[in-house]
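Summary of the model geometry
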Amino acid sequence: MKSALLLYNPESGRGRIGKNLDRLVAVFRSYDYRLTPREIDFAHTPFDGGETPELIVVAGGDGTVNYVVNRMKQAGLNLPLGILPAGTANDFAKALGMSHDPLEAARQIILGEETPIDCGRVNGLYFVNIFSFGIFTTTSQRTPNERKHRIGKLAYLIEGVKEFRAMHAVPLKVVADGRSFDLNSLMVLVFNGETAGGFHLARHSSVRDGLFDVVMVEKRNLITSTLAMGHYLLGGNPRVVHRLRVQSLEIESTLNEPTDVDGQPGAEFPLHIECLPGELRIRCPKVEA
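Let me sum up the structure you'll find in this document. (Residues numbered from 1 in each chain as written. Predicted model: local features only at pLDDT ≥ 70, side-chain atom pairs only at ≥ 80, totals over all residues. Heavy atoms only, no water.)

**As for the pattern of salt bridges**
When charged atoms on two side chains of opposite charge get close, those side chains can pair. Applicable threshold: We define a salt bridge as a contact between a side-chain nitrogen of Lys or Arg and a carboxyl oxygen of Asp or Glu at a distance within 4 Å. Strands are runs of DSSP state E lasting at least two residues, helices are runs of H or I lasting at least four, and both sets are numbered from the N terminus onward. Exposure categories follow from relative accessible area, calculated using a 1.4 Å probe and restricted to protein chains: below 20% of the type maximum is buried, above 50% is exposed, and the middle band is partly exposed.
Scanning the entire structure with this criterion turns up seven salt bridges. Taking the shortest distance from any N to any O, the salt bridge between K73 and E279 comes out at 2.6 Å. Residue K73 is found in helix α3 (residues 62–74), and its partner E279 is found in strand β17 (residues 271–284); the two are separated by 206 residues along the sequence. The class of K73 is partly exposed, set by a relative accessible area of 25%. Exposure remark for E279: the relative accessible area of 27% places this residue in the partly exposed category. For D209, the salt bridge is made with R245, and the minimal N-O distance between the two is 3.0 Å. With D209 in the loop between β11 (199–200) and β12 (212–218) and R245 in strand β13 (residues 241–246), this pair connects stretches of sequence that are 36 residues apart. Owing to a relative accessible area of 28%, D209 belongs among the partly exposed residues under this scheme.

**Structural notes on the packing of helix α2 (residues 21–30) against helix α5 (residues 102–111)**
Which entries qualify depends on this criterion: Helix axes use the C-alpha atoms of the stretch in contact, all axes being lines fitted to C-alpha atoms, and the angles between their N-to-C directions lie in the range 0 to 180 degrees. Here is the rule for angles: anything less than 35 degrees is roughly parallel, anything more than 145 is roughly antiparallel, 65 through 115 is roughly perpendicular, and the remaining ranges are oblique. Left-handed is the label given to a crossing in which the near helix is rotated counterclockwise from the far helix by less than a right angle, and right-handed is the label when the rotation is clockwise. Residue contacts are counted whenever heavy atoms from the two residues lie within 4.5 Å of one another.
It is the contact of α2 with α5, at a shortest axis distance of 10 Å, that shows an interaxial angle of 25°. Classified by the angle between their axes, α2 and α5 sit roughly parallel to one another. The handedness of the crossing between α2 and α5 comes out as right-handed. Note on element contacts: α5 touches α2 through P102, L103, A106, R107 and I110, opposite R23, L24, V27 and F28.

Next up, the structure:
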């Protein structure tokens, strides 16, 4: 019988995974897997140094996946990883084609193919979906879990509106795949995945192409900036929104602006950001050519 370790966030999805542990264990057992559940304590590493499972399964949102990936890298573990979506937006899991139903997602992991999936890294911190700074950067970090559980993605919008009061320019010196430019930025989003908080902002991004889809919003006055972001969300291409497709970025600023990796506190400036093609071994549904 093959072995699998399930690391789950007890706070995600109103404790949905914890309520389904017996059923998940039964699903894995029916496919000749011995699944060992382990609740994540974010104050301590989930790995004790003696892990020998053939598969790691993580249940939670993007922040939980981020935590497990970083702890795996720190522990020197290079094991296949499966994702059970149990957060609010589950952006990374959606990019992989995972079902929102935990039992169906479990079957997708078991019956799926091991696929090389890209991962981002900024100053030594790994991220699976998005790295960002500027307006809305701390929205996910500051949105209360209770509100996320109650109204889902709308919680991000409600919290994000408050950010307009602190809207300010971040002066940047950027080197994107060797090309240099300066920009007074309102917001920078570096996508490995395709969505942020469930909103499709990275129009051409893929977790399998070895590139980032970067969205940089140039700071203008309040009205122009607000209208430009609305225009972009509706599918337009306003001039103040700059889009890049790159493998690496070097970013400096006179401000040490707070940053975010997958909804968690991120790295400090200056920033070295790189896409690591096929860095993760992910069990997910097969992608048809």
